[in-house]
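Spelled out from the first residue to the last, the chains are:
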Amino acid sequence: MQNFLTKFLIHSIDTNMDTGDKEIHLLDKTGKEPSIAVLKKIFTCLRKNNVNRSDLVVKYGPKVIQQSKELELFAITEQVCIAALCVGNTSLVDSCINKLLAQFPNSVRVKKLVGMQKEMNKDFTAALEIYDSILVTAPADLGVIKRKICVYKASCEKSKAIKLLLDILNAAVPTPAAVPGGDAVAKDGEKTPSVPEVKFSPTLALAVSDLSSWVELAELYTENGDYSEAVYCVEECIMLDPHNAWYHVKAADLYYSIGGIDAYIRARKHYTMALNFQSCKHNKRGLFGMIYACRNIITCLDTLKSSSSGSSSSGTSSSGSSSSSGSESDPTTVAVVDYDLERELTVALLKYAQKEMLALTAVSVSASQGGIKATGSDKGKSDVPMSQLLQTIVF
């Protein structure tokens, strides 16, 4: 039975949502629909493993509810209700909520389901009223707060959603006003009035490490064009999950959107880390980003070198023979050395990314479309493995 459930979950993750119960028939050797006992175990596995198969739960949910005992009835009913909300089955939602309200009229979880029902019906004002009434008695309920954020997004009030997310993350950090005593102490020793807006809660202290909150805030800032704020949020995600390639790609995309030589170099670093944590075969977005970032870096470096060489030549002609004996280092020389090192690393990364891209696409790129051409100093250099390139890049 455990092997059957494991295979079922694999099929559930890898298949599309519109396949219905095709996986069950494929896994059931007899060709019959699974029994109620098997369906209950499948529903339990879906809940524990956070697998979203709303179509499957809605199709078999009513049959499982009818033949469930009271001990497991309400957990399955709640699961079926959430699945029906996802697919928009209003009749099944009403039936499940009525059963839950009859048994738990004052339950916060049931009230949240009622609020989600209002959201499905586009009654955002009623949904906010329900969520606000819940937060009066349970102000640290992150699930309800996130539902309010969803309401603000659905009603095109992104500024309110951003403010609510910032309030959550700010309330997760204790401020001087939240310390026992009530007032913050100024530098001169006098007490300043407390700040009632920020209310520290031990439960909300977990929000600062909530990845979903940071990701949602980054998405909202990105939609508003605030790339610098979005980068900060994504970097918080990287601190919480540093080996996640998606966060590195997201940060690199934002730095690339900001533009400029410094931003392009930071984008290159994050693209490199993303390709280190996830192979090029499964991370083509990072590979494309690496190519474009390296091309822009080389273009910027060549522009800076040409401008610096022009200014240095004019400065040298005006200074004449009054140069020092050479005991002090020339800042122009240092800049050229930094340029050479940076360009050498960027060219190596670009050649690596182009080679991987050609291997994946199996398409020959002509010299005119190949981007940066190898200069005399670049020709004859062997390809550097990614592991050695990473040792050169320091955050």
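Refer to the preceding data block for the structure.
Note that the structure is predicted; figures quoted are calculated from it, not measured. Along each chain, the written sequence defines residue order, and numbers are assigned to residues from 1. Totals for whole chains, interfaces and linings use every residue, but because this is a predicted model, local features are given only for residues with pLDDT of at least 70 and side-chain atom pairs only at 80 or more, for both listing and counting. Side-chain numbers here rest on the full set of heavy atoms in the structure, without hydrogens or water.

1. Some thoughts on the packing of helix α13 (residues 245–258) against helix α14 (residues 261–277)
What counts is decided by this rule: Only the contacting stretch of a helix is used when fitting its axis, a line to C-alpha atoms as for every element, and angles between N-to-C directions run 0 to 180 degrees. A run of H or I in DSSP counts as a helix once it spans at least four residues, and a run of E counts as a strand once it spans at least two, with each numbered from the N terminus. Small angles under 35 degrees read as roughly parallel and large ones over 145 as roughly antiparallel, with 65 to 115 read as roughly perpendicular and the rest as oblique. A crossing counts as left-handed when the near helix is turned anticlockwise from the far one by less than a right angle, and as right-handed when that turn is clockwise. The contact criterion used throughout is that any non-hydrogen atoms of two residues lie within 4.5 Å. Gly counts as polar in this scheme, as do all residues outside two lists: the nonpolar Ala, Val, Leu, Ile, Met, Phe, Trp, Tyr, Cys and Pro, and the charged Asp, Glu, Lys and Arg.
For the pair α13 and α14, the least separation of the axes is 8 Å and the interaxial angle reads 160 degrees. In terms of their interaxial angle, α13 and α14 are classed as roughly antiparallel. Crossing angle aside, the handedness with which α13 passes α14 is left-handed. Side by side, α13 and α14 meet where A245, H248, V249, A251, A252, D253, Y255, Y256 and I258 of the first sit next to A263, Y264, R266, A267, H270, Y271, M273, A274 and F277 of the second. Split by residue class, the contact of α13 with α14 holds 14 nonpolar, two polar and two charged.

2. Focus: helix α4 (residues 54–66)
We apply this condition: Helix span, as expected, comes to 1.5 Å for every residue beyond the first. Only protein chains enter the area calculation, which uses a 1.4 Å probe; residues under 20% of their type maximum are buried, those over 50% are exposed, and those in between are partly exposed.
The terminal C-alpha atoms of α4, which comprises 13 residues, lie 18 Å apart, in line with the 18 Å expected from a rise of 1.5 Å per residue. Within the span of α4, buried status applies to S54, D55, L56, V57, V58, Y60, G61, V64 and I65.

3. Digging into the packing of helix α11 (residues 211–224) against α13
Look at α11 against α13: their axes get within 13 Å of each other, and the N-to-C directions meet at 25 degrees. Taken together, the axes of α11 and α13 lie roughly parallel to each other. Classified by chirality, the crossing of α13 by α11 is left-handed. Listed contacts from α13 to L211, V215, E219 and T222 of α11 are W246, Y247, K250 and L254. When the residues that make up the contact of α11 with α13 are grouped by side-chain class, the tally is five nonpolar, one polar and two charged.

4. Here we look at the environment of Y256
Under the convention used in this document: The definition of a polar contact used here is a pair of N or O atoms within 3.5 Å, where within protein one atom must be able to donate a hydrogen and the other to accept one, and adjacent residues in sequence count solely through side-chain atom pairs.
Along the polypeptide, Y256 turns up in helix α13. Owing to a relative accessible area of 27%, Y256 belongs among the partly exposed residues under this scheme. Measuring from C-alpha to C-alpha, the distance between Y256 and N296 comes to 9.4 Å, with 40 residues separating the pair along the chain. Ignoring anything within four residues of it in the chain, the contact list for Y256 reads Y264, A267, Y271, Y292, A293 and N296. A distance of 2.8 Å separates polar atoms of two side chains, one belonging to Y256 and the other to N296.

5. Considerations on the pattern of salt bridges
Filter applied, for reference: When a carboxyl oxygen of Asp or Glu lies within 4 Å of a side-chain nitrogen of Lys or Arg, that pair is called a salt bridge.
For the structure on display, the rule yields 12 salt bridges. Two residues, R53 and D55, come together in a salt bridge whose shortest N-O distance is 3.1 Å. For the pair R53 and D55, a shared accessibility class is recorded, and that class is buried. Here E78 and R109 are joined by a salt bridge, their closest N and O atoms 2.4 Å apart. Of this pair, E78 sits in helix α5 (residues 70–87) while R109 sits in helix α7 (residues 108–120); the two residues are 31 residues apart in sequence, bridging distant segments of the chain. With relative accessibility at 17%, the residue E78 sits in the buried group.

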